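# A look at the structure
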Amino acid sequence: MPELPEVETIASGLASFVCGRKIQEVRLISSHMIIGDEIIFRKRLKSRIIRNVRRRAKLLIMDLSDPVHLVFHLKMTGKVWVPGERTDPNKHTHMVLALKGGQDIFFEDQRKFGYVAAMTPEELGRWSFYAGLGPEPLQIESEEFVSIFKHRKARIKSLLLDQKVIAGIGNIYADEALYLAGIHPCSVPSEISADKLAGLHNCLREVLLAAIKAGGSSFRNYRNALGSAGSFQESFLVYGKKDHSCQQCGCVIETVKVSGRTSCFCPHCQEEPPAAK
DNA sequence: GATGTTGTTGAGTC
DNA sequence: TGACTCAACAACAT
């Protein structure tokens, strides 16, 4: 499931291949992956030049000439990539963008939870999900991070996953950062010291940067822009490690459900807050 | 055929 | 009104 580091890896990998290239043909295989009208979608893409590829939260955004923003949400199993060799669409391929001069951009999604939209700058700005996104964890200072959280009374894990509070964090990196910071997923920020919250921000930065450096995590079927796997899944300390031993203290890693999400934690290194049960 | 999986939204509660 | 929690939904692999 592509979170911030995976989408970042895809964006930077794609950029070197597709920036400056012209979209010659839009091949739509399943049009229900599109948000909005198909005819307008096609018209907005045809013959546009890809100026830039970037990430905001978990969104992959291609800035096209005119200007138009081609926005992808990859959800659990989405992929956007450029096959090195000639590749035919498979049953999970939903769109192919043929570039002038050869090479195709493939949009694939096994579970079809993802979507793609072609928006004008005005539409993008009016889109409530986009407009409501919280700040990027790698772009804010510790003081801002602490001030976002310190008065909150929801469980910290829920808040980390809330894209309106802070953008780009999913289940993997929330669990890893909480473990590194020694904070239980059920802890309530208003009862955590400012120092510890600042520490969480540091751990979050650390784990996100390390994951970007490793090319993301290929826990299920994530692949980067060239179709190769990342390696950060080998560095997971708690995510997916239920019943394994904690690398710091040897205790058995447990799980707890927080707002419907499985959270992995070490009961010794991440002490349960007094109020939680 | 039941279960697990996740990001997001909307309904419901305090 | 805002903060919070939870169920529901999408569709597939196991």
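Residues numbered from 1 in each chain as written. Chains lettered and ligands numbered in written order. Predicted model: local features only at pLDDT ≥ 70, side-chain atom pairs only at ≥ 80, totals over all residues. Heavy atoms only, no water.

### Some points on the domain arrangement of chain A
The domains assigned to chain A are domain 1 (4–131) and domain 2 (142–265). When each unit is reduced to the centre of its C-alpha atoms, the spacing between domain 1 and domain 2 is 28 Å. Counting residues at the interface gives 20 residues for domain 1, matched by 19 residues for domain 2. For the domain 1 and domain 2 pair, buried surface summed over both sides reaches about 1,600 Å², with 68% attributable to carbon and sulfur atoms. Here domain 1 and domain 2 share zero salt bridges between them. Remark: the boundary between domain 1 and domain 2 carries four residue pairs in polar contact (both at pLDDT 80 or more). Among the elements of the structure, α1 (4–18) and β5 (78–81) are those that each provide at least two residues to the side of domain 1 that touches domain 2. Partitioning the side of domain 1 that touches domain 2 into residue classes produces 11 nonpolar, four polar and five charged. (Domains from an automatic or database assignment. Contact = heavy atoms within 4.5 Å. Buried area = accessible area lost by both parts, 1.4 Å probe. Salt bridge = Lys/Arg side-chain N within 4 Å of Asp/Glu carboxyl O. Polar contact = N/O pair within 3.5 Å; in protein donor to acceptor, adjacent residues only side chain to side chain. Helix = DSSP H or I, 4+ residues; strand = E, 2+ residues; numbered from the N terminus. Nonpolar A, V, L, I, M, F, W, Y, C, P; charged D, E, K, R; others polar.)

### As for the sheet that holds strand β1 (residues 23–28)
Pairing within the open sheet is antiparallel, and its four strands lie in the order β1-β6-β7-β5. Of all strands in the sheet, those bounded by a partner on one side alone are β1 and β5. The mean angle between the axes of side-by-side strands here comes to 10°, regardless of whether they run parallel or antiparallel. Inspection of the sheet shows β5 paired to strand β7 (residues 104–109) by four bridges, in the antiparallel sense. Each bridged residue has a counterpart across the sheet, and for G78 the counterpart in β7 is D109. Helix α2 (residues 38–45) contacts β1 and β6 (93–99) of the sheet and is inclined by roughly 155° relative to β1. (Pairing = 2+ DSSP bridges. Axes fitted to C-alpha atoms, helices over the stretch in contact; angles between N-to-C directions.)

### Some details on the sheet that holds strand β4 (residues 68–73)
Strand order in this open sheet of four strands is β2-β3-β4-β8, and the pairing throughout is antiparallel. Either end of the sheet is taken by a strand with one partner, and the two such strands are β2 (50–56) and β8 (115–119). Each strand axis lies, on average, 20° off the axis of its neighbour in the sheet, ignoring direction. Those strands touched by α2 are β3 (59–64), β4 and β8, and its axis lies near 65° from that of β8.

### Points about the nonpolar core
The biggest cluster of nonpolar side chains holds 31 residues, and the ones touching the most others in it are F149, I156 and L200. Elements with a contribution of two residues or more to this core: α5 (142–149), α6 (156–161), α7 (171–181) and α8 (194–213). Excluding anything up to four places from it in sequence, L200 contacts F145, I156, A177, L178, A181 and I183. The next biggest cluster of nonpolar side chains, apart from the first, holds 30 residues, and it includes L28, L60, V82 and L97. (Core = buried A, V, L, I, M, F, W, Y, C linked by side-chain atoms within 4.5 Å. Buried < 20%, exposed > 50% of the residue type's maximum accessible area, 1.4 Å probe, protein only.)

### A word on the protein's contact with DNA strand C
Q110, R111, K112, F113, R152, K153, A154 and R155 make up every residue found near DNA strand C. Backbone atoms, meaning sugar plus phosphate, form 71% of the atoms of DNA strand C positioned within 4 Å of the protein. Here a phosphate oxygen of DNA strand C and a backbone polar atom of A154 are 3.0 Å apart. Residues belonging to the surface near DNA strand C are distributed by class as follows: two nonpolar, one polar and five charged. (Near = heavy atom within 4 Å.)

### Looking at unusual backbone geometry
In this chain, D66 is followed by P67 through a cis amide linkage whose omega measures 5°. By the element assignment, P67 lies in the loop between β3 and β4.

### Considerations on the packing of aromatic side chains
Both the distance between ring centres and the angle between the ring planes are used here to describe each pair of aromatic rings. Under the criterion given, the structure shown has nine aromatic pairs. A centroid spacing of 5.5 Å and a plane angle of 80° characterise the contact between F236 and Y239, whose relative ring orientation is edge-to-face. What makes F236 buried here is its relative accessible area of 3%. (Phe/Tyr/Trp six-rings, centres within 6.5 Å; stacked < 30°, edge-to-face > 60°.)

### Here we look at the protein's contact with DNA strand B
Taken together, 15 residues are adjacent to DNA strand B, and H73, R111, Q163, Y239 and R261 come closest. Of all DNA strand B atoms lying within 4 Å of any protein atom, the proportion belonging to sugar or phosphate reaches 65%. Side-chain polar atom of R111 to a base oxygen of DNA strand B: 2.4 Å apart, as the coordinates give it. Between DNA strand B and the protein, one listed contact pairs a phosphate oxygen with a backbone N or O atom of N171 at 3.5 Å. Along the lines of polarity and charge, the residues of the surface near DNA strand B split into five nonpolar, five polar and five charged.

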